[in-house]
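Remarks on the overall topology
Take a look at the letters that make up each chain.
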Amino acid sequence: MRVAKADAGVAVDVRLVLGWGMVAIKRPTEAWCSAALLKDGFGQVIVARFKLSGDVEAGLFLVDIYCLGIKDAFLLKVSELEYETRILAGMAETGGGKESLSPACARKLVEGAVQYAQALGLAPHPDYKKACRVFGGIRPEECDRVFTYGHDGKPLFVQSPNDSPEFVDHVMKTLTRRLGTDGFHYILEAGSLDQEPE
């Protein structure tokens, strides 16, 4: 086997010569988001890179565009079959389905959420740095979509069932210090706080 070379200055897909008249074409990088993300403020973004070997390197981001930025992140290396049947199928079954994004817009959306949360004093999940390796070579400035962060002009912190009391307390105190008690909205489970933010 050998790697086929393109003529100088000609942009083509990377191809691997398998035999007479047979080539494997590397699938282009693709990106998806939960259909409900931009409407409900919370969902997944996936950016996937495909290898000629048939493997897929996928960055998965649990995104909160209302307040927290990146709540969780993973860098996965799986087969293309597992990518299709487990990762993409799982996204389609949850969060109201999935929508295609250009990789440039996916990076712009994710990094915008990170920047918004950091301006509030909230850092992304520790695994974000590893997961965003899939962004290499993707140019967010090529995306002309405009993404809005926050809700009705303010951050909105919505407690999820998996948020610990310590995490909720950290977020509420951070937002209060940065914005004051009237500078953000929040929706908490009953009994999450012993007292209102001061």
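The following refers to the structure shown. Everything quoted here is computed from the prediction, not taken from an experiment. (Residues numbered from 1 in each chain as written. Predicted model: local features only at pLDDT ≥ 70, side-chain atom pairs only at ≥ 80, totals over all residues. Heavy atoms only, no water.)

1. A look at the pattern of salt bridges
One side chain can pair with another of opposite charge once the charged atoms of both are near each other. As a reminder, the rule being used: In the sections that follow, a salt bridge refers to a side-chain nitrogen of Lys or Arg positioned within 4 Å of a carboxyl oxygen of Asp or Glu. Working definition: with a 1.4 Å probe on protein chains only, accessible area under 20% of the residue-type maximum means buried, over 50% means exposed, and in between means partly exposed. Helix and strand labels come from DSSP, where a helix needs a run of H or I of at least four residues and a strand needs a run of E of at least two; each type is numbered from the N terminus.
The tally for this structure, following the rule as stated, stands at 11 salt bridges. For Glu-30, the salt bridge goes to Arg-27, with nearest N and O atoms at 3.0 Å. We classify Glu-30 as buried; its relative accessible area is 15%. Measuring nitrogen to oxygen at the nearest pair gives 2.7 Å for the salt bridge that ties Arg-27 to Glu-80. One end of the pair, Arg-27, is in the loop between β3 (22–25) and β4 (30–34); the other, Glu-80, is in helix α2 (residues 80–93), with 53 residues separating them in the sequence.

2. A word on α2
Inclusion rule: By definition here, a helix of n residues has an expected span of 1.5 Å times n minus one. Here, the arc refers to the directions that run from the helix axis to the C-beta atoms. Every residue pair with non-hydrogen atoms within 4.5 Å of one another is taken to be in contact.
Over its 14 residues, α2 runs 19 Å from end to end, which matches the ideal 20 Å to within 8%, given 1.5 Å per residue. Among all positions in α2, only Tyr-83, Ile-87, Leu-88 and Met-91 are buried. Down the axis of α2, the buried side of the element spans an arc of 85°, and every buried residue falls inside it. For α2, exposure combined with an orientation more than 90 degrees from the buried face picks out Leu-81, Thr-85 and Glu-93. Looking at the buried side of α2, the elements it contacts are β4, β5 (42–50), β6 (55–64), β7 (69–79) and β8 (98–101).

3. With respect to helix α5 (residues 165–179)
Taking 1.5 Å per residue, 15 residues should reach 21 Å; α5 reaches 21 Å between its end C-alpha atoms and fits that length. Listed in full, the buried residues belonging to α5 are Val-168, Val-171, Met-172, Thr-174, Leu-175 and Thr-176. In this structure, the buried side of α5 is in contact with β9 (156–158) and β10 (185–187). At the exit of α5 stands Gly-180, carrying a positive phi of roughly 85°.

4. Side note on the pairing of β7
What counts here: Only strands that DSSP links by at least two bridges are regarded as paired with each other.
Sheet analysis places β6 next to β7, joined by 10 bridges and oriented antiparallel. Paired with Leu-60 across the two strands is Phe-74, which belongs to β7. Connecting the antiparallel pair β6 and β7 is a turn made up of four residues.

5. As for the sheet that holds β4
Within a sheet, adjacent strands bond to each other through the backbone by hydrogen bonds, running parallel or antiparallel. The line we're drawing: Here an axis means a line fitted to C-alpha atoms, over the contact stretch when the element is a helix, while the angle between two N-to-C directions is reported on a 0 to 180 degree scale.
Ordered in space as β7-β6-β5-β4-β8, the five strands form an open sheet in which the pairing is antiparallel. This sheet does not close on itself; its edge strands, each paired only once, are β7 and β8. Averaged over all neighbouring strand pairs, the angle between strand axes comes to 20°, with direction disregarded. Where β5 lies against β6, nine bridges are found, and the strand directions are antiparallel. Bridge pairing in β6 links Gly-43 to Val-63. Where α2 meets the sheet, its contacts fall on β4, β5, β6, β7 and β8, and the angle it forms with β7 comes to roughly 150°. Strand contacts of helix α3 (residues 103–119): β4, β5, β6, β7 and β8, with the helix running at about 145° to β7, the strand carrying the most contacts.

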